[in-house]
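# Analysis of the macromolecular model
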Amino acid sequence: MSERDVSPGRVPRKVTPKTVVIVLIVILALITGFSSVFVVDQKEQAVVLLFGKFNRIMEPGLSFTLPFGIEKNFNVPTQMVLKEEFGFRTDRPGVTTIRSAQDFPNESIMLTGDLTIVDVEWIIQYRISDPYNWLFKVEQRTKTIRDISQSVINLLVGDRAILDVIGAERANIEAMGEQMMNELFDKYELGIRVTTVKLQ
């Protein structure tokens, strides 16, 4: 004679409205938490917008915003040194820098004050000093930086004789170039500060 299973079967649990509400509250709390917490790296500052308008700047660390897109954050690398190259490009920077084989004569060929054609390559290094201006005041930031830098170096080289450009006036061109670029970048509210101008 076979044994019969006389244990009571599993009774399906009823999903009550209270359980549904609790699950929804937990899901909502998780979404709210994930959408309102963000991290600002040590080399960054964050610009926070409230309904699309500037609200505040957050320093590095764990930060909070209002959830569901009410506030949005944009992290900006304010402590990083950024660089632009003129007349050449670096393919692989490092201990042994490898330059691109391609030249950019439209950037580096200039006319000196004594009507000599000279090929001047240079770099500028800069930091973002005002993250709000950097994000929202100028539309084509890189193009504006490059255009201003080129016009300043062209002006300074065009005021000097060839021997001065490659010799005695080189340091003055770099120092005056940095000063003039910063004045123009401030005028156009780019939110950057040039730290180095270096003729190659």
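Residues numbered from 1 in each chain as written. Predicted model: local features only at pLDDT ≥ 70, side-chain atom pairs only at ≥ 80, totals over all residues. Heavy atoms only, no water.

### A look at the nonpolar core
One finds Val-120, Trp-122 and Ile-153 to be the most contacted residues of the largest nonpolar core, which totals 27 residues. For this core, the secondary-structure elements that each account for two or more residues are strand 11 (122-128), helix 4 (141-158), helix 5 (162-166), helix 6 (170-187) and strand 12 (192-199). Residue contributions to this core peak at six residues, all from helix 4. Phe-38, Val-40, Ala-46 and Val-48 belong to the second-largest nonpolar core, a separate cluster that totals five residues. (Core = buried A, V, L, I, M, F, W, Y, C linked by side-chain atoms within 4.5 Å. Buried < 20%, exposed > 50% of the residue type's maximum accessible area, 1.4 Å probe, protein only. Helix = DSSP H or I, 4+ residues; strand = E, 2+ residues; numbered from the N terminus.)

### Brief notes about the packing of aromatic side chains
Following the criterion strictly, the structure yields five aromatic pairs and no others. Pairwise contacts between aromatic rings join Phe-54, Phe-74, Tyr-132 and Phe-136 into one cluster. (Phe/Tyr/Trp six-rings, centres within 6.5 Å; stacked < 30°, edge-to-face > 60°.)

### Quick notes on the side chain of Ser-149
In this fold, Ser-149 is placed in helix 4. Judged by its relative accessible area of 0%, Ser-149 falls in the buried class. A polar atom in the side chain of Ser-149 sits 3.1 Å from the side chain of Trp-122. Dropping the residues within four chain positions of it, Ser-149 is found in contact with Phe-86, Trp-122, Ile-124 and Met-181. (Polar contact = N/O pair within 3.5 Å; in protein donor to acceptor, adjacent residues only side chain to side chain. Contact = heavy atoms within 4.5 Å.)

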